[in-house]
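# Structural overview for review
So the chains spell out like this:
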Amino acid sequence: MERRDVQGHYEELAAEYDEHWVYGPDYIPWMSARIAESLRLSANDRIADIGCGTGLFAREVAKSVRPSRPVLCADPSEAMLRRIGRPPPPGLAPVLASAEDLAGGNVDLPSGRLDAMWLKESVHHLPDPARTLRGLAGLLAAGGRLLVVMLPATIQYPLFDSALRRFEELQPDPFGIVEHLTAAGMKAGLSHVEHELRIDRERYFGMVRARYMSLLSTFSDHEIEKGIEEMRAAHPEPVLVFPDRFAFVLGELPYQRGEGE
């Protein structure tokens, strides 16, 4: 069976990434607002988007929050970062670095310690999430917040059966992420948000064919086409309607005595 590495997957997908991720005109603003609300972002915060991709969410957050310093946009894919723009928009500061690079202290942060950061749908790519999240927590100032946005352990997407089963095999449990943040010295909690998706069936099949989810990169072209045939039979309706439910795992560092009062 054909296999594709994650880095190569995103390098290939970069040119079409925004098209595949924007399910509808309200999706990016909706998710970006949920991220900003959960992290309680303010204009004075030093903010980072870890695994930012093409900067879809960081761009929207910067537009709404208007931080006094550019949002640090870190991603290990140069092709993805190029999509942010050269030069980048005033509110964004792209950095070619992985979460592990940052967690290991291998990247100089232009603003010093951070007040808030998020990882959206990238935690499942971390080989050692406990170690990486602990290192990222160490980049935060007192009272800093770290948000992991991830899909739950099971999803209700109209994918073919073997893709749904593989998702459950590969996806980490959000409760495990809560434990990792707690072990990193943070007060951590889990909540969920949900957004109803409506998307043209043929467009969604095209997204699957383009492997818009990284788990689809584990299937060969033949398996993808066979899967789409299965999806076509199971979903004759012209518009697919399904819930996009996310787990929000928020960790917060305590304030040191005399701070935040």
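Described in the following lines is the structure provided in the data block. (Residues numbered from 1 in each chain as written. Predicted model: local features only at pLDDT ≥ 70, side-chain atom pairs only at ≥ 80, totals over all residues. Heavy atoms only, no water.)

## A closer look at the side chain of Ser-38
Stated formally: Each helix is a run of DSSP H or I of at least 4 residues and each strand a run of E of at least 2, with the numbering of both proceeding from the N terminus. Remark: exposure states derive from per-residue accessible area (1.4 Å probe, protein chains only) relative to the maximum for the residue type, with buried under 20%, exposed over 50%, and partly exposed in between.
Secondary-structure assignment places Ser-38 in helix 3 (residues 27-39). We classify Ser-38 as buried; its relative accessible area is 19%.

## Quick notes on the side chain of Arg-201
The test is simple: Counted as a polar contact is a pair of N or O atoms within 3.5 Å, where, for protein atoms, one must be capable of donating a hydrogen and the other of accepting one, and residues adjacent in sequence contribute only when both atoms are in side chains. The contact criterion used throughout is that any non-hydrogen atoms of two residues lie within 4.5 Å.
By the secondary structure assignment, Arg-201 is in helix 10 (residues 201-209). At 3.2 Å, the side chain of Arg-201 and the side chain of Glu-202 are in polar contact. Ignoring anything within four residues of it in the chain, the contact list for Arg-201 reads Arg-232, His-235, Pro-236, Glu-237, Pro-238, Val-239 and Leu-240.

## Observations concerning the sheet that holds strand 1 (residues 47-50)
So the rule is basically this: We treat two strands as partners when DSSP finds at least two bridges between them. Convention adopted: a line fitted to C-alpha atoms gives each axis, helices being fitted over their contacting stretch, and angles between N-to-C directions are expressed from 0 to 180 degrees.
Read from one edge of the open sheet, 7 strands run 3-2-1-4-5-7-6, paired in mixed fashion. Strand pairing shows two members of the sheet lacking a second neighbour, strand 3 (92-96) and strand 6 (187-200), which therefore form its edges. Shown here is a sheet whose adjacent strand axes are inclined to one another by a mean of 20°, direction ignored. Where strand 1 lies against strand 4 (residues 114-120), 4 bridges are found, and the strand directions are parallel. Paired with Ile-50 across the strands is Leu-119, a residue of strand 4. Those strands touched by helix 4 (residues 56-65) are strand 1, strand 2 (71-75), strand 3 and strand 4, and its axis lies near 140° from that of strand 4. Each of strand 4 and strand 5 (140-150) touches helix 7 (residues 129-137); the most contacted strand, strand 5, lies at about 140° to it.

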